[in-house]
2 protein chains.
Amino acid sequence: MAASKVRHAGTNFMKENKNISRREREKRRQRRDMLAAAIQLFSEKGYHNASMQEIAAKAEFAVGTLYKFFKNKEDLYKALVTEQADRFHETLTATLAEEVGEIEQLRNYVRDKGTVFMDNVAFIRLYFAETRGASFNIKAGLDSELRERHHQLLQILAAVFSKGMNKGMFRRIAEPYHLAVALDSLCNAFLSNWLEGRDSYPESPDIILNIFFQGLLEPTAP
Amino acid sequence: MAASKVRHAGTNFMKENKNISRREREKRRQRRDMLAAAIQLFSEKGYHNASMQEIAAKAEFAVGTLYKFFKNKEDLYKALVTEQADRFHETLTATLAEEVGEIEQLRNYVRDKGTVFMDNVAFIRLYFAETRGASFNIKAGLDSELRERHHQLLQILAAVFSKGMNKGMFRRIAEPYHLAVALDSLCNAFLSNWLEGRDSYPESPDIILNIFFQGLLEPTAP
DNA sequence: TTAAAATATGAATAAGCATTCATATTTTGC
DNA sequence: GCAAAATATGAATGCTTATTCATATTTTAA
């Protein structure tokens with residue numbers, strides 16, 4: 001075909017310009033497809049019960065091809081969890097970066113955490129397992145890496161509480177970091193409830209925030 | 001031995017009287033030892049990476065003996081998790097059964113949940129994995145059973161909130177069940193923090209309860 | 001068009017591990 | 001003490017599955 005030479009020239013041109021060649025795009029698509037198949041099977045059947053052959057079949061590749069992209073099963077799993085968690089943390093970090101006042105920031109955090117979770121149900125089980133559950137040795141170091149990232153997010157959240165306190169907007173009822181832990185865990189609890197089909201995740205973040213904001217105890221004396 | 005007949009007679013006598021024979025006691029000890037070895041290995045290495053041979057070795061029995069006590073690996077795992085969770089829920093149910101006033105009940109719940117967890121660190125990882133994590137198919141039905149039991153405990157906790165509200169002691173800032181979910185998840189979050197070595201679990205339950213009781217927001221106008 | 005290079009394939013290999021069962025050891029009842 | 005009966009043992013079996021690699025297919029570049 002006459003076009004082939006042209007196409008090739010184009011390819012080189014694009015590479016040099018930090019764009020992506022056709023082949024590169026194809027590779028990424030393949031990788032995406034593999035990860036998509038893997039996330040489904042892992043979250044359905046767990047790490048050990050999902051075989052490489054199954055994953056390959058579901059992604060419509062041969063096993064050998066899987067190994068062209070991922071050194072081994074653990075590597076595949078790590079890539080999966082890490083990339084998803086990244087998207088996760090990026091989203092929520094961006095949410096907290098908006099300077100819209102502390103109360104609004106908290107409201108947005110609760111809302112967006114809900115949204116991200118709902119949009120990635122398949123991944124959530126893995127995520128819970130990784131961040132809270134028995135880390136199960138698969139992947140030495142993976143979970144401490146994830147925990148660390150989670151910790152960083154909580155620190156950003158803690159800063160919001162801290163700032164609100166300095167402004168005299170929030171009372172110092174606990175350490176800012178503890179409040180961050182608390183708010184985040186409230187979201188998790190409600191999301192977990194929602195996952196079990198026990199309840200729906202609150203439409204409005206205020207239902208969760210009220211627990212923080214209102215205080216439970218009836219004021220006793222004026 | 002002259003004693004043997006006597007012993008045997010005694011055995012029958014005891015059986016009839018719902019007491020335990022020597023052999024029975026021995027059996028239970030063996031079972032306990034097996035479960036103890038299993039819990040260590042499972043919580044260290046996870047279900048799939050702990051082999052029956054290893055468990056047997058650690059408990060100082062032959063594999064075959066393990067199979068005299070448990071139908072198969074899954075059965076062993078189920079027994080383990082179920083029995084531990086039972087102790088768990090019995091303890092906390094008992095705690096909430098004491099009629100010492102709603103505030104004190106909540107305080108006791110937070111305290112005892114902390115204690116029980118600290119005393120069973122090895123099990124906690126499994127527990128978290130079972131109650132929150134990817135249920136991972138091992139043991140179909142196990143996790144829904146555990147979730148159900150957890151749900152029941154939360155309902156008892158919810159009743160405490162409900163009662164406190166009726167007495168005008170608590171404000172109705174959220175559904176009682178939601179408050180139960182929230183308080184329980186706060187405990188989990190702090191315990192999980194403690195597990196990671198990030199922080200110690202609060203000596204006094206009040207640190208956790210304050211988050212509920214005080215309310216974060218500074219009152220704006222009188 | 002064509003041959004060399006790159007890539008994809010999946011059958012074959014090897015290792016791990018749950019489970020069984022023929023045999024050895026211990027306990028029981030006399 | 002002794003021989004059934006009960007119990008414990010761990011080597012052998014069979015199955016699953018991660019990983020490899022010789023071969024087939026596709027792409028590249030002339």
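Since we're looking at a predicted model, the values are computed, not measured.

**Thoughts on the nonpolar core**
Here is step 1 of the chain: One finds Phe-42, Phe-161, Leu-183 and Phe-212 of chain A together with Phe-161, Leu-183 and Phe-212 of chain B to be the most contacted residues of the largest nonpolar core, which totals 122 residues.
Here is step 2 of the chain: Beyond its immediate sequence surroundings of up to four residues, Phe-212 of chain A is in contact with Phe-161, Leu-179, Ala-182, Leu-183 and Leu-186 of chain A together with Ile-211, Gly-215, Leu-216 and Leu-217 of chain B.

**What about unusual backbone geometry?**
Residue and element names in this part refer to chain A.
Here is step 1 of the chain: A positive phi angle, close to 60°, is found at Glu-60, a residue other than glycine.
Here is step 2 of the chain: Checked against the element boundaries, Glu-60 lands in the loop between α3 (52–59) and α4 (63–69).
Here is step 3 of the chain: Glu-60 sits in the exposed class, given a relative accessible area of 72%.

**Digging into the pattern of salt bridges**
Here is step 1 of the chain: According to the stated counting rule, one finds 25 salt bridges over all chains in the structure shown.
Here is step 2 of the chain: Here the residues in one salt-bridge network are Glu-26, Arg-29 and Asp-33 of chain A, joined through shared partners.

**What about helix α10 (residues 206–213) of chain A?**
Here is step 1 of the chain: Every buried residue belonging to α10 of chain A is among Ile-208, Leu-209, Ile-211, Phe-212 and Phe-213 of chain A, and all of these are buried.
Here is step 2 of the chain: Immediately downstream of α10 of chain A, the backbone of Gly-215 of chain A shows phi near 75°, a positive value.

**Observations regarding the side chain of Asn-108 of chain B**
Here is step 1 of the chain: Secondary-structure assignment places Asn-108 of chain B in helix α6 (residues 102–118).
Here is step 2 of the chain: Among residues more than four places away in sequence, those in contact with Asn-108 of chain B are Thr-95 and Val-100 of chain B.

**Points about the relation of the copies chain B and chain A**
Here is step 1 of the chain: After a rotation of 180° and a shift along the axis of 0.0 Å, chain B superposes on chain A with an RMSD of 0.1 Å. Considering both components of the superposition, the chain copies are consistent with a two-fold axis. Every residue of chain B has its C-alpha some distance from the rotation axis, and the shortest such distance is that of Gly-215 of chain B, at 1.6 Å.
Here is step 2 of the chain: With an isologous cut-off of 70% or more, the 100% of interface residues of chain B that recur at the interface of chain A puts this contact in the isologous class.

Rules and cut-offs
- Residues numbered from 1 in each chain as written.
- Chains lettered and ligands numbered in written order.
- Predicted model: local features only at pLDDT ≥ 70, side-chain atom pairs only at ≥ 80, totals over all residues.
- Heavy atoms only, no water.
- Core = buried A, V, L, I, M, F, W, Y, C linked by side-chain atoms within 4.5 Å.
- Buried < 20%, exposed > 50% of the residue type's maximum accessible area, 1.4 Å probe, protein only.
- Contact = heavy atoms within 4.5 Å.
- Helix = DSSP H or I, 4+ residues; strand = E, 2+ residues; numbered from the N terminus.
- Salt bridge = Lys/Arg side-chain N within 4 Å of Asp/Glu carboxyl O.
- Least-squares fit on C-alpha atoms with pLDDT ≥ 70 in both.

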